[in-house]
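# Topology and contacts: notes
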Amino acid sequence: RNLFKAAVDLSLKEIGNETLPKDLSSVSKIEGRIVLQVVRSENMAVPSINKTSKGQPRMLGITVSDGKTKCKVVEFEPTPALRTPLPPGTKLVLDSPQLFKGMVLLTPASFADSCGKVERLLNSWKLHQDAHKRLDPSQGLPPKFTPLTRGKGDSNQGRRNRH
């Protein structure tokens with residue numbers, strides 16, 4: 001139990017074994033329990049221009065890895081037990097998930113747990129989230145002001161002198 005607790009906070013890139021089949025598109029189900037690490041996640045049901053929208057039903061698209069191979073997990077059925085956000089490094093524990101055309105289909109029946117955090121991945125993700133909030137106009141902040149400058153390379157300069 002203590003070994004598992006320590007392992008969930010390590011990157012599968014460092015300690016993982018290949019648990020995903022080489023050719024995911026030829027498999028319709030992965031038998032047994034597998035642990036995959038979140039690389040990236042997004043709610044595919046909201047427009048890309050407003051990723052903070054909460055009004056839509058959620059449909060997560062999660063890029064995961066077993067430490068060697070990456071694949072896509074799609075929330076095929078609403079899975080309320082899966083809490084968001086899912087920072088990189090979070091482990092998803094899945095029970096015999098179904099696959100379709102190489103994508104893992106996430107359902108309440110196939111989702112067992114999410115746990116762990118890889119500190120360096122989490123810190124990097126938090127920095128990115130903070131920067132994105134500062135630059136996101138929908139957060140109530142104006143965009144950064146960039147002054148216009150006229151200089152030797154200004155193409156309008158020549159036109160003004162012709163008149």
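## As for the overall build of the protein
- When helices and strands are tallied, the protein shows 4 helices and 7 strands.
- Secondary structure elements of the protein, listed N to C terminal, follow the sequence α-α-β-β-β-β-β-β-β-α-α.
- Buried residues in the protein amount to 31% of all 163 residues.
- Considering only residue pairs separated by 6 or more positions, the protein has 64% of its internal contacts joining residues 24 or more positions apart.
- Element-wise, carbon and sulfur atoms account for 55% of the exposed surface of the protein, whose accessible area totals about 11,300 Å².

## Digging into the sheet that holds strand β7 (residues 111-115)
- Reading across from one edge, β5-β6-β3-β2-β1-β4-β7 is the order of the 7 strands in this open sheet, with mixed pairing throughout. Each edge of the sheet is formed by a strand with only one pairing partner; in this case those strands are β5 (98-100) and β7. Within this sheet the neighbouring strands show an average axis-to-axis angle of 40 degrees, counted without direction.
- Direction of pairing for strand β3 (residues 70-75) relative to strand β6 (residues 103-106): parallel, over a ladder of 3 bridges. Residue pairing across strands places Val73 opposite Val104, the latter belonging to β6.

## Some thoughts on unusual backbone geometry
- Cis geometry marks the peptide bond from Thr84 to Pro85, where omega comes out at 5 degrees.
- The topology assignment puts Pro85 in the loop between β3 and β4 (91-95).
- For Ser96, which is not glycine, the phi dihedral falls at a positive 40 degrees.
- Given the relative accessible area of 23%, Ser96 is considered partly exposed.
- At Lys101, a residue that is not glycine, the phi angle is positive and equals roughly 50 degrees.

## Let's talk about the pairing of strand β2 (residues 60-65)
- Across the 6 residues that make up β2, a large majority, 6, are buried.
- Burial along β2 is two-sided: the residues Leu60, Ile62 and Val64 and Gly61, Thr63 and Ser65 are all buried.
- Here 6 bridges tie strand β1 (residues 33-43) to β2, and the two strands are oriented antiparallel to one another. What sits directly across from Gln37, in β2, is Ser65.
- Note: β2 against β3, 5 bridges, orientation antiparallel. Within β3, the residue paired with Ile62 across the bridge is Val73.
- Connecting β2 to the next strand, β3, in antiparallel fashion are 4 residues, including Gly67 with a positive phi near 110 degrees.

## Quick look at the nonpolar core
- By size, the foremost hydrophobic cluster in this structure holds 19 residues, and its most contacted members are Leu20, Ile62, Val64, Leu82, Leu86, Leu92 and Leu94.
- Put simply, the parts of the chain that give this core at least two residues each are β1, β2, β3, β4 and β6.
- When sequence neighbours within four positions are dropped, the list of residues in contact with Leu86 reads Val38, Ser41, Leu60, Ile62 and Leu92.

## Looking at the side chain of Asn43
- For Asn43, the position within the fold is in strand β1.
- Engagement of the side chain of Asn43 in a polar contact is seen with the backbone nitrogen of Ala45, the distance being 3.0 Å.
- Among the polar contacts made by the side chain of Asn43, one reaches the main-chain amide nitrogen of Met59 at a distance of 3.0 Å.

## Topic: the pairing of β4
- Among the 5 residues of β4, 4 are classified as buried, and the element is accordingly described as predominantly covered.
- Relative to β4, β1 runs antiparallel, the two sharing 5 bridges. Bridged to Val35 within β4 is Val93.
- Where β4 meets β7, 4 bridges bridge the pair, whose relative direction is antiparallel. In the strand pairing of β7, Lys91 is matched with Cys115.

Conventions and cut-offs
Residues numbered from 1 in each chain as written. Predicted model: local features only at pLDDT ≥ 70, side-chain atom pairs only at ≥ 80, totals over all residues. Heavy atoms only, no water. Helix = DSSP H or I, 4+ residues; strand = E, 2+ residues; numbered from the N terminus. Buried < 20%, exposed > 50% of the residue type's maximum accessible area, 1.4 Å probe, protein only. Contact = heavy atoms within 4.5 Å. Areas by Shrake-Rupley, 256 points an atom, 1.4 Å probe, with all protein chains shown as cover. Pairing = 2+ DSSP bridges. Axes fitted to C-alpha atoms, helices over the stretch in contact; angles between N-to-C directions. Core = buried A, V, L, I, M, F, W, Y, C linked by side-chain atoms within 4.5 Å. Polar contact = N/O pair within 3.5 Å; in protein donor to acceptor, adjacent residues only side chain to side chain.

Taken by themselves, the reported measurements are silent on function.
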